Amino acid sequence: RLAGPEDSYPLDDVDKERGMRLLRRLSGYYLLEIVSACWMGNHFHIVLYAPPEEELPSFREIAARHNAFYPDDPLRQIHPADAEACLRVGRNMIDISRFMKDYQQRYARYYNRAHNRRGHVWGDRFKSVILDRRDALWSAVKYVELNPVRAGLASDPADYRHCCWGWKSGSGRHPF
């Protein structure tokens, strides 16, 4: 949730769109599977799957993904033969806290620039819940995708373009 009064809705459609696009960009780097996401007027929701370390791809794939994300920064480049660096980077790519920190910092930089402001954007640290049953996952996805309907922003989640269902309904494919 953004910092500020609870009944304040400072995010406009451009801000929400930017949040979804940033999420898509970072999903190209991190090895987290984004199942569902929705941007609202003062907060967002994300349901994602974080694979265990045993499911990390090869060091070649980790290095290629990392280097493609940072093509203009030779100091950040890693070599597939550097097992220590690849393992460290691979672990970071499945770390939800690292992902959220990166996501929220990048979004805050955009938001502050776009709205000519400074300081904190987020009211507090993100909250996470482990969903360990299939019905819990389904309940979380329904909660996220139906959030705009409950808030009166749309009568059908397919009509709300700042969530995965709305994005999929408009384009024919899941955004992530």
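It should be emphasised that the depicted structure is a prediction, and the values quoted were computed from it without experimental measurement.

Novice: Explain the pattern of salt bridges here, please?
Specialist: Close approach of charged atoms allows side chains of opposite charge to pair. Evaluation of the coordinates by the stated rule reveals six salt bridges. A salt bridge links Glu17 to Arg21; the nearest nitrogen and oxygen atoms lie 3.2 Å apart. Of the two residues, Glu17 and Arg21 are both situated in helix H1 (residues 13-27); the distance of four residues between them amounts to about one turn of the helix. Glu17 gets classed as buried once you look at its relative accessible area, which sits at 12%. With relative accessibility at 51%, the residue Arg21 sits in the exposed group.

Novice: Whenever I open this one, the layout of surface pockets confuses me. Can you help?
Specialist: Empty space among the atoms becomes apparent when a probe as large as a water molecule is rolled across them. Estimated volume of the second largest pocket: approximately 320 Å³. Looking at the second largest pocket, it is lined by 14 residues, and the ones nearest its centre are Tyr29, Tyr30, Tyr70, Arg76 and Arg98. Grouping the constituent residues of the lining of the second largest pocket by class yields six nonpolar, three polar and five charged.

Novice: I would appreciate a short explanation of the pairing of strand S1 (residues 33-39) in the present structure.
Specialist: Regular strands place their side chains on alternate faces of the sheet. A large share of S1 lies buried, amounting to five of its seven residues. Inspection of the sheet shows S1 paired to strand S2 (residues 44-49) by six bridges, in the antiparallel sense. Within S2, the residue paired with Ala37 across the bridge is Ile46.

Parameters at a glance
- Residues numbered from 1 in each chain as written.
- Predicted model: local features only at pLDDT ≥ 70, side-chain atom pairs only at ≥ 80, totals over all residues.
- Heavy atoms only, no water.
- Salt bridge = Lys/Arg side-chain N within 4 Å of Asp/Glu carboxyl O.
- Helix = DSSP H or I, 4+ residues; strand = E, 2+ residues; numbered from the N terminus.
- Buried < 20%, exposed > 50% of the residue type's maximum accessible area, 1.4 Å probe, protein only.
- 1 Å grid on protein atoms, 1.4 Å probe; cavity = no way out; pocket = protein on both sides within 12 Å on 5 of 7 lines; lining within 4 Å.
- Points joined across faces, edges and corners; volume = space filled by probe spheres on them.
- Nonpolar A, V, L, I, M, F, W, Y, C, P; charged D, E, K, R; others polar.
- Pairing = 2+ DSSP bridges.

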